[in-house]
Amino acid sequence: MIFSELYSVYYNTVAEILKAAIDHPLGKNELRRIVEERAFGESILNIEPSLMEGRWQLLKRDGTTPIQSVPSMPLTMIQKRWLKAISLDSRIRLFQDELMVLPDVEPLFTEEDICIFDKYADGDNYRDEAYIKNFRRILDAVRNRYPLSIDVLNRRGYRTPIILMPKYLEYSEKDDKFRLIGSGCRFGRTVNLGRIIRCERYTGANVIGSNERKLQRPRSVQFELVNRRNALERVLLHFAHFEKQAERIDGQRYKVTIYYDKDDETEMVIRILSFGPMIKVTAPAHFINLIKERLIHQKSCGF
C-alpha cells in the first residue's frame, strides 16, 4: 500500500521499534509492548513474526538493527497525490474549512474515476451548508457531552422535535449516510443526519435520565479464515473501521471476531460473502442462517 491511515500506523510502529533497537538490543516483550501501544490489537500477528523471522530484514536475531539513523518518513510524491485526492472528497468539509491545497500536486484519483455499484444512490448531501453546520454541532456535542435539541423530518414528512444525549456518530458505507447514535429519546436512539432540519444545544431542564434507554450491545460475527493469497491482511484492511479481534488457531488458520451495529448487518453479510471460501462463519447461528438465505437467493437468480 502506498499510504493510508492503517498502514501509517504500521510504519510509525516499526519506526518506533527501530528507534528503540538503535539505542539498545530489543527483546520480544519490549517489542510487543510497543506494538500494543502504537498499533492495533491484531497487529502483533503480523509485525512481530515479520521482524523476528527476518522477513522485513530490519532487526537482527539479537534484537539490534543494521539501521544507524533514527527513521524519518517524509512524504513521497505519490503519497502527496493520494492526500490531494482525499482532500477533494466532499466529506472532508464536514470536519474543517481549510483543506490541504498542494497546488502543484495532481490528485491520484478523483470522484469521477470511481464507479461504485453496490452503494445506494441517495446518500447524504455533504456539500449542503445546513448539513455541514448540523454535523459540526453534533460532533462538538459528542466530544463535549452536552444534550441536543433536534428537529427531524420523519418518514411521513412531518417535523418532529426530539431531545437526546449524543453518544457517537457512525457512517454507513453502503448507504453513504451518517447516523447519530444517542440516548434519552422516546422515538429511538438512531437519527439519520440527512433528516435533521434543525440542531441546537439543549439548555433546558435535564430530562435525559427518565427516558434514557440503554444503548444496544453491538452484534458480533465470528469466522475462521484461511490465510491464502494474503487473505488475513486483506480482511483486516477491509474491516479496519470495525472493532475486531483476531487470533491464530494453527498454521494458516485464524479466528476473527467482528463487532458491528444491527443497522449494518446486511452490509456485513455481503462483505463476508465477497471473500468466498477463504472465510467460514462459525457463529452466531442467526448470522449463519443469513448467509445461507443469501446464497439460496443468489442461486435462485442464476441462469
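Residues numbered from 1 in each chain as written. Predicted model: local features only at pLDDT ≥ 70, side-chain atom pairs only at ≥ 80, totals over all residues. Heavy atoms only, no water.

1. Considering unusual backbone geometry
Between Ala 283 and the following residue, Pro 284, the backbone shows a cis peptide bond with an omega angle of -5 degrees. Along the chain, the position of Pro 284 falls in the loop between strand E9 (279-283) and helix H9 (285-300). Residue Arg 145 is not a glycine yet carries a positive backbone phi of 60 degrees. In this fold, Arg 145 is placed in the loop between helix H5 (129-144) and strand E1 (148-153). Here the phi dihedral of Asp 176 falls at roughly 55 degrees; this positive angle occurs in a residue that is not glycine. Tracing the backbone shows Asp 176 in the loop between strand E2 (159-172) and strand E3 (177-183). Note on Asp 176: relative accessible area 15%, which makes it buried. (Helix = DSSP H or I, 4+ residues; strand = E, 2+ residues; numbered from the N terminus. Buried < 20%, exposed > 50% of the residue type's maximum accessible area, 1.4 Å probe, protein only.)

2. Describing the sheet that holds strand E7 (residues 243-250)
If you walk across this open sheet you meet the 4 strands as E7-E8-E6-E9, and the pairing is antiparallel. On the outer flanks of this sheet lie E7 and E9, each paired with one strand and no other. Taking each pair of neighbouring strands and ignoring which way they run, the sheet shows an average axis angle of 25 degrees. (Pairing = 2+ DSSP bridges. Axes fitted to C-alpha atoms, helices over the stretch in contact; angles between N-to-C directions.)

3. Side note on the sheet that holds E3
The strand order across the open sheet formed by 5 strands is E4-E3-E2-E1-E5, and the pairing between neighbours is antiparallel. Looking along the sheet, the strands with just one partner apiece sit at the ends: strand E4 (190-192) and strand E5 (196-201). Mean inter-strand twist for the sheet, computed between neighbouring axes without regard to direction, equals 45 degrees. In this sheet, E4 lies alongside E3 in antiparallel orientation, the contact comprising 3 bridges. Bridging across to E4, Leu 180 finds its partner in Val 191.

4. Quick notes on the environment of Asn 46
Here Asn 46 shows up in helix H3 (residues 44-52). Residues Asn 46 and Arg 145, 99 residues apart in the sequence, show an inter-C-alpha distance of 37 Å. Ignoring any residue separated from it by four or fewer positions in sequence, one finds Asn 46 in contact with Tyr 10, Arg 55 and Trp 56. (Contact = heavy atoms within 4.5 Å.)

5. Quick look at the confidence of the model for the protein chain
Mean pLDDT over the protein chain: 83, with 90% of residues reaching 70 or higher. Across the protein chain, element-level confidence peaks in H5 with a mean pLDDT of 94 and bottoms out in helix H6 (residues 208-211) with 44. (pLDDT = per-residue confidence, 0-100.)

6. Section: the pairing of E7
Strand direction decides the pairing type here: E7 and strand E8 (residues 253-260), joined by 7 bridges, are antiparallel. Within E8, the position partnered with Arg 248 by the bridge is Tyr 254. Between the antiparallel neighbours E7 and E8 lie 2 residues, among them Gly 251 with a positive phi of about 50 degrees.

7. Let's talk about the pattern of salt bridges
Counting across every chain of the model gives 18 salt bridges. In this structure, the salt-bridge partner of Arg 179 is Asp 175, at a minimum N-O distance of 3.7 Å. Accessibility expressed as a relative area gives 5% for Arg 179, which makes it buried. Through salt bridges with shared partners, a single network forms among Glu 30, Arg 33 and Glu 37. (Salt bridge = Lys/Arg side-chain N within 4 Å of Asp/Glu carboxyl O.)

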